[in-house]
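Residue-level structure breakdown
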Amino acid sequence: MSKSRSSQNEPSKKKIQAIRGMNDLLPDQSPQWQYVEGKVRDLMGRYGYAEIRTPIVEQTALFKRSIGEVTDIVEKEMYTFEDRNGDSLTLRPEGTASCVRAAMEHGLLHNQTQRLWYQGPMFRHERPQKGRYRQFHQVGVEAFGLEGPDIDVETILLSARLWKALGLYEHVTLELNSLGSAEARAAYRDTLVAYFEQHHALLDEDSRRRLGSNPMRILDSKNPDMAEMLDAAPRLMDHLDDASREHFERLCAMLDTAGIDYVINPRLVRGLDYYGRTVFEWTTTALGSQGTVCAGGRYDGLVEQLGGKPTPAVGFALGIERLVLLLETLELMPDNARGELDAYLLPMDESATAAALLLGERLRETLPELRAQVHCGGGSFKSRMKKADRSGARLALLLGEDELAEGSVTLKFLRDEREQQRLSQAELADTLTSLLEGESFA
């Protein structure tokens, strides 16, 4: 009896693993993310966009009212739960609604324009696959209070400059469409429903479900059996109101002047209910079915829909996971984004440990760009050299009894077949500067 009770009290020895579709970012991967995030942060500052940070948990009503209750995100994919007070909360599935809520709550939209950006994790319960996960990370850009096509163009130019900074511009295609006004979409909806009802037998189960609730989303179907029927469907572009048509024509003209190539895609509708007028995507053929790397558009009615005053707005979001995957697939991730060390400071015995630590501090003070690690943990000289080699550093800086007496350091080249050399510690900074600048060691 006591044995049984004891076994029941023993903690389970089964290892706890990460939730499916929610991934750890390991030390050899984080430098690549930091590279992309650094490019993004630099670019946002150059365009005058200010960073905003919002909670990852919001009231469920925020997303139901903004995204739309009959969208896949709200119906199938949101992580929603009741807290201890009985309030319905949701892990944010996208960032625009949270950004709008925060801007409204703190008075950022009162008689003023705002250019904002953010980055962080989002959550959707969908089938995990390469480039698409249940916890994923997005960068978002949102501009408020500007109604002309010029701000639409600026957001597209900003994204284009990011592709150029990452070496991706030749590998992505800009697709454009206009969804027109709410009134134009309502009239078009009736035309589209009539067309789909004539071809009801060709609709798959998901499209038949959407026919009564969100028929425009059927246009976004990737079902190859429906492709021919969808290509022949009535085009929203042919039903635009005059103001939206003029807006789109001016946008295209400015893109032409800026030298930005684009393709008009009449089936591009976006999956969120709040979009109107301009919508766009940057796509690639390098990632198979996960071809969209950035998507956005105009959402002039969202602020009012969430209880604020009518406010024109436009923005886009891009996924960090998919962007890193694209850079890796195209072999465009630079070597300095892989986090390799420049130097490994190696005390040859315990007597040199303190000196090695102090030398590391002096070098970091003199050379802020230097990536150096000091050996800790003792061990034989052989084991220390193995750790130096495994560190990935280009150089080992050896400090032993002789070096301490002379005020010198021995340079050992770990990746090149070259003779090691001893130099004074006074010369070391200049030598390492040559390394950082890509010069040879003469």
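It should be noted that the structure appears before, not after, this text.
A short tour of the structure in this document, coming up.

Criteria and thresholds
- Sequence order as written defines the numbering, with residues in each chain counted from 1.
- Totals for whole chains, interfaces and linings use every residue, but because this is a predicted model, local features are given only for residues with pLDDT of at least 70 and side-chain atom pairs only at 80 or more, for both listing and counting.
- Just so you know, side-chain values use all the structure's heavy atoms and leave hydrogens and water out.
- To define axes, lines are fitted to C-alpha atoms, for helices over the stretch in contact only, and angles between the resulting N-to-C directions are given on a 0 to 180 degree scale.
- Helix and strand assignments come from DSSP, with helices taken as H or I runs of at least 4 residues and strands as E runs of at least 2, each series counted from the N terminus.
- To sort the angles, those under 35 degrees are grouped as roughly parallel, those over 145 as roughly antiparallel, those from 65 to 115 as roughly perpendicular, and the leftovers as oblique.
- Less than a right angle of anticlockwise turn of the near helix away from the far helix marks a crossing as left-handed, whereas a clockwise turn marks it as right-handed.
- Any two residues whose heavy atoms approach within 4.5 Å at even a single point are treated as in contact.
- Residues are sorted three ways: Asp, Glu, Lys and Arg are charged, Ala, Val, Leu, Ile, Met, Phe, Trp, Tyr, Cys and Pro are nonpolar, and all the rest, Gly among them, are polar.
- By nonpolar core we mean a set of buried residues, namely Ala, Val, Leu, Ile, Met, Phe, Trp, Tyr and Cys, connected to one another through side-chain atoms within 4.5 Å.
- Burial classes: relative accessible area under 20% of the type maximum marks a residue as buried, over 50% as exposed, and values in between as partly exposed (1.4 Å probe, protein chains only).
- In protein, a polar contact means a hydrogen-donor-capable atom and an acceptor-capable atom, both N or O and within 3.5 Å, with residues adjacent in sequence counting only if both atoms are side-chain atoms; elsewhere, any N or O pair within 3.5 Å suffices.
- Only Phe, Tyr and Trp rings take part, Trp by its six-membered ring, and two of them pair if their centres are within 6.5 Å. Stacked means planes under 30 degrees apart, edge-to-face means over 60, and tilted covers everything else.

Contact geometry of helix α2 (residues 30–46) with helix α6 (residues 149–166) gives a least axis separation of 10 Å together with a crossing angle of 140°. By the angle between their directions, the pair α2 and α6 is classed as oblique. Relative to α6, the crossing made by α2 is right-handed. Contacts from Y35, K39, V40, L43, M44 and R46 of α2 reach α6 at L158, R161, L162, A165 and L166. For the contact of α2 with α6, the class distribution of residues is 8 nonpolar, no polar and 3 charged.

Two elements in contact, α6 and helix α10 (residues 242–258), have axes whose closest approach is 9 Å; the angle formed by their N-to-C orientations is 40°. With respect to α10, the axis of α6 lies oblique. With respect to the hand of their crossing, α6 and α10 are arranged in right-handed fashion. Contacts between α6 and α10 involve P149, D150, D152, V153, I156 and L157 from the former and H247, R250, L251, M254, L255 and A258 from the latter. Taken together, the residues of the contact of α6 with α10 break down into 8 nonpolar, 1 polar and 3 charged.

Attention now moves to the nonpolar core. Soluble globular proteins tend to bury their nonpolar side chains together. Judged by nonpolar contacts, the single largest core of 91 residues is most densely connected at F144, W163, L176, F196, W282 and L318. When residues in this core are grouped by element, the largest group, 8 residues, is from α6. With near-sequence residues (within four places) excluded, L176 lies in contact with I156, F248, L251, C252, L255, Y262, V263, I264, N265, L268, V279 and F280. Membership of the second largest hydrophobic core comes to 21 residues, among which are A356, L363, L367 and F413.

It is worth spelling out the environment of Y47 at this point. Summarising the element assignment, Y47 is placed in the loop between α2 and β1 (50–51). When the C-alpha positions of Y47 and T155 are compared, they lie 9.6 Å apart, and in sequence the two are 108 residues distant. When residues no more than four places from it in sequence are discounted, the contact partners of Y47 are R115, E154, L157, L158 and R161. Within the local environment of Y47, its side chain forms a polar contact with the side chain of R161, the two groups lying 3.2 Å apart.

The description of an aromatic ring pair rests on the distance of the ring centres and on the angle between the ring planes. Taken as a whole and assessed by the stated rule, the structure comprises 5 aromatic pairs. Look at W163 and W282: their rings are 6.0 Å apart centre to centre, the planes differ by 70°, and that puts the pair in the edge-to-face class. Of the two residues, W163 is situated in helix α6 and W282 in strand β9 (residues 278–283); the sequence distance between them amounts to 119 residues. Since its relative accessible area comes to 0%, W163 is described here as buried. Through a chain of ring-to-ring contacts, the aromatic side chains of W163, Y169 and W282 assemble into a single cluster.

Taken by themselves, the reported measurements are silent on function.
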